[in-house]
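# Observations on the model geometry
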Amino acid sequence: MASGSTRAVYAALFGNLGIAVTKFIAAAMTGSASMWAESYHSTSDTVNQILLLLGIKISKKPATDLHQFGFGKSQFFWSFIVATMIFGISGILSLEQGFSSLLGTGHHFENPVINYIVLAIAFGFEANALRIALIQFKKPIKERGESILPSTLYNEFKNSKDTSILTVVVEDTAALLGIGIAAVGIFLTDITENTVYDSISSIIIGILLMSFAFFLAKENRGLLIGESISPEQRKQIVDIVTAIPEVNKVVTIKTMHLSPTVIIVGIEVNLIDGLDTDKIEIITDVIEHKIMKILPNSNKEYVFVEIER
């Protein structure tokens, strides 16, 4: 795991911890349902970061006889837990808070200025955490020499296997949206003196959290099951291998992510006739070297080249 990803997680952790405490105090003082929802949200984000850091730490453990390809997939597992349990729980609590206020006799609401101040501070912290996460998120694009455009950002978001960065980006985006929704609900309740708007904001925040939870769970599910490299990377490997003069064609190529950067590659190639054993061994080494150029952060031990007979 790149140290940049870890820094992004730490930035989000410390920011959300302080925000969560502040929001709980504001919610208790003002009685706002949407502020309670935001308190659950920031608390879940804080726990999320702890679990992501746990996944990163475990993923760095060396391989054992029982886990011969290492523990890289632990990042995918803990990111999946973050999505299904933490986001789900905070989403359900937000929905419960909103519906109980909406369908009950309303709720106590006062001192909205406190909420505005807390939300403004939270917005600043979350925006900074998102900025740090986006810096790390854009690094692979810059390393490939591509321009930072909406299309390249979308493709990176779609193809990224770094679930830690992906989770932080999604979390911080959801946090900023949640702050905006809470602010609108509190403002409408403030000017109309009708707590329905505050309750509806809590419900919307709950739906937002559960929607993001579903998205992250889906992404991590694919990686846990065994997701291959992107079509672009696959094409690059095929092109660079077939460019070797002694290679007729690539027969098959199968890949699977063992972590965001470590990938197992099995490739079968057809070679030209007349090559002796020593030459075939040299070509095999060349193929491995070429593949590592495309996947520089992976492990050469996990590249398996087979010659079609």
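Residues numbered from 1 in each chain as written. Predicted model: local features only at pLDDT ≥ 70, side-chain atom pairs only at ≥ 80, totals over all residues. Heavy atoms only, no water.

### Here we look at the UniProt feature "transmembrane region" (unreviewed entry) in the protein chain
Following the UniProt record, one finds the feature "transmembrane region" (unreviewed entry) at residues 76–93, 113–134, 165–188 and 200–217. Across residues 113–134, the secondary structure splits into 100% helix and 0% strand, with the terminal C-alpha atoms separated by 31 Å. With 100% helix and 0% strand, residues 200–217 has end C-alpha atoms that lie 26 Å from one another. (UniProt positions renumbered as here; feature names shortened; annotations may be inferred. Helix = DSSP H or I, 4+ residues; strand = E, 2+ residues; numbered from the N terminus.)

### Describing the packing of aromatic side chains
By the definition in use, this model includes two aromatic pairs. An angle of 75 degrees between the planes, with centres 5.1 Å apart, marks the rings of Phe 77 and Trp 78 as edge-to-face. We classify Phe 77 as partly exposed; its relative accessible area is 37%. Over the aromatic face of Phe 71 sits the side chain of Lys 61, whose NZ or CZ is 4.5 Å from the ring centroid. (Phe/Tyr/Trp six-rings, centres within 6.5 Å; stacked < 30°, edge-to-face > 60°. Buried < 20%, exposed > 50% of the residue type's maximum accessible area, 1.4 Å probe, protein only. Lys NZ or Arg CZ within 6 Å of the ring centre and 35° of its normal.)

### A look at the sheet that holds strand S3 (residues 303–307)
Judged by pairing direction, the sheet is mixed, and its three strands sit side by side in the order S1-S2-S3 without closing on themselves. Edge positions in the sheet fall to strand S1 (247–257) and S3, since each of these pairs with one other strand and no more. Within the sheet, the average angular offset between the axes of one strand and its neighbour, ignoring direction, is 15 degrees. Here five bridges tie strand S2 (residues 263–271) to S3, and the two strands are oriented parallel to one another. Across the sheet, Glu 268 pairs through a bridge with Glu 306, a residue of S3. (Pairing = 2+ DSSP bridges. Axes fitted to C-alpha atoms, helices over the stretch in contact; angles between N-to-C directions.)

### What about a nonpolar patch on the surface?
Taken together, the side chains of Leu 17, Val 21, Ile 25 and Met 29 define a hydrophobic patch exposed on the protein surface, amounting to about 360 Å² of accessible area. With respect to the element layout, Leu 17 can be found in helix H1 (residues 3–30). Taking relative accessible area as the criterion, Leu 17 reaches 45% and is therefore assigned partly exposed. (Patch = residues over 30% accessible without salt bridge, like charges linked within 9 Å, V, L, I, M, F, W, Y side chains within 5 Å. Areas by Shrake-Rupley, 256 points an atom, 1.4 Å probe, with all protein chains shown as cover. Salt bridge = Lys/Arg side-chain N within 4 Å of Asp/Glu carboxyl O.)

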